[in-house]
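So you can see what is in the structure, the chains are spelled out below.
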Amino acid sequence: MIKIGVFILPDKKLKNKILLRKKDVKKKFGNQKYLSHPPHCTLCVINSTNKSLNLIKKNEVFTSRYKREFEIEKSEIFFNDPITKGNTLIFKIKKNNFLKNLQLQICNKLKKYTVKDKKKFKNTLMKKNYQRFGYPFVNTNWRPHFTIASISKSSTNKIYFKNFKNEKFNKINKKISYIFFFKIKKNNHKLICSKKII
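Parameters and conventions
- Residues numbered from 1 in each chain as written.
- Predicted model: local features only at pLDDT ≥ 70, side-chain atom pairs only at ≥ 80, totals over all residues.
- Heavy atoms only, no water.
- Helix = DSSP H or I, 4+ residues; strand = E, 2+ residues; numbered from the N terminus.
- Rg over C-alpha atoms; globule rule 2.2 N^0.38 Å.
- Buried < 20%, exposed > 50% of the residue type's maximum accessible area, 1.4 Å probe, protein only.
- Contact = heavy atoms within 4.5 Å.
- Areas by Shrake-Rupley, 256 points an atom, 1.4 Å probe, with all protein chains shown as cover.
- Phe/Tyr/Trp six-rings, centres within 6.5 Å; stacked < 30°, edge-to-face > 60°.
- Lys NZ or Arg CZ within 6 Å of the ring centre and 35° of its normal.
- Expected span 1.5 Å × (residues − 1).
- Polar contact = N/O pair within 3.5 Å; in protein donor to acceptor, adjacent residues only side chain to side chain.
- Pairing = 2+ DSSP bridges.
- Axes fitted to C-alpha atoms, helices over the stretch in contact; angles between N-to-C directions.
- Arc of directions from axis to C-beta.

**Q** Would you mind going over the overall build of the protein chain in detail, with residue names and values included?
**A** Across its full length, the protein chain holds 5 helices and 8 strands. Walking the protein chain from its N terminus toward its C terminus, one meets helices and strands in the order β-α-β-α-β-β-α-α-β-α-β-β-β. Its C-alpha atoms give the protein chain a radius of gyration of 17 Å, near enough to 16 Å, the size a compact globule of 198 residues would have. Projected onto its principal axes, the C-alpha coordinates of the protein chain cover approximately 50 × 40 × 30 Å. When each of the 198 residues of the protein chain is scored for burial, the buried share is 47%. Here the contacts in the protein chain between residues at least 6 apart in sequence split such that 77% fall between residues at least 24 apart. Roughly 11600 Å² of accessible area belongs to the protein chain as shown, and the carbon and sulfur atoms make up 50% of that amount.

Below, the structure is given as structure tokens:
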């Protein structure tokens, strides 16, 4: 079994901004979850097989009738992140019809390739989404973002968090033409292929 991540990747300017913030977090808090991950916005992550990955690469096509762009809104923190149990620093993406449609389309097309394990979720919607798609964050409870890091609760710094949330953030509009498929093994992310949105 393998883990496949479907991502939006930032352009060079945004990528550098994210990497700079990651560097700042490492200097302040040391090693934290997601710090070593390449900058990306997750559309979905599924457990699958190498055979299925080859079928996805060969057969699946992704389309959109909406304007292919998104907007970075602001800095935000997911306090008590249900996945990491820490506080996750992010750059929030404004969810629009393009992103909602794209994510739902990807999850619907990939669900036939998923291999579900016995994950347990306390949240009813997360549980329902995982059972249907093999990914707990779909549609209404998917909050698109670029992650900086997830800070352990033992390393909480209220002043740093306050400054991060209050940071003046020039809204950034970005165009998107491709989605990217990665094979994930713990903290390692290997790019497998890209798919043009047509």
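**Q** Let's hear about the packing of aromatic side chains: which residues, and what values?
**A** Applying the stated criterion to the full structure yields 9 aromatic pairs. Relative to F146, the ring of F70 lies with its centre 6.2 Å away and its plane at 45°, an arrangement referred to as tilted. Highlighted residues: F70 in strand β3 (residues 69-78) and F146 in strand β5 (residues 145-151), separated in sequence by 76 residues. As far as burial versus exposure is concerned, F70 and F146 are alike and both buried. Taken together, a centroid distance of 5.5 Å and an interplanar angle of 55° make the contact between F121 and Y130 tilted. Of the two residues examined, F121 and Y130, each falls in the buried class. Here the aromatic cluster, defined as three or more aromatic residues joined through ring pairs, consists of F29, F79, Y160 and F161. Residue placement shows K109 over the ring face of F62; its charged tip is 5.5 Å from the ring centre.

**Q** Account for helix α3 (residues 97-110), with residues named and values stated.
**A** Its 14 residues place the ends of α3 20 Å apart at the C-alpha level, agreeing with the 20 Å of an ideal helix rising 1.5 Å per residue. Along α3, the residues that are buried comprise F98, L99, L102, Q103, Q105, I106, C107 and L110. With a side-chain oxygen positioned 3.2 Å from the backbone nitrogen of F98, the residue opening α3 is N96.

**Q** Which residues make up the sheet that holds β5, and what values go with them?
**A** Spatially, the 4 strands line up as an open sheet ordered β5-β4-β3-β6, and their pairing is antiparallel. Strand pairing shows two members of the sheet lacking a second neighbour, β5 and β6 (172-175), which therefore form its edges. Strand-to-strand, the axes of this sheet are offset by a mean angle of 30°, without reference to chain direction. Of the pairings in the sheet, the one linking β3 to strand β4 (residues 87-94) comprises 7 bridges and is antiparallel in character. Following the sheet pairing, F78 is matched in β4 by T88. Packed onto the sheet, helix α1 (residues 12-29) meets β3, β4, β5 and β6 and runs at close to 5° relative to β5.

**Q** Help me get a handle on helix α2 (residues 50-59), residues and values and all.
**A** Those residues of α2 that sit buried are S52, L53 and I56. One side of α2 holds all its buried residues, which, seen down the axis, span an arc of 105°. In α2, those exposed residues whose orientation departs by more than 90 degrees from the buried face are K51 and K58. Contacts from the buried residues of α2 go to β1 (2-8), β2 (41-48), α3, β7 (178-185) and β8 (188-196).

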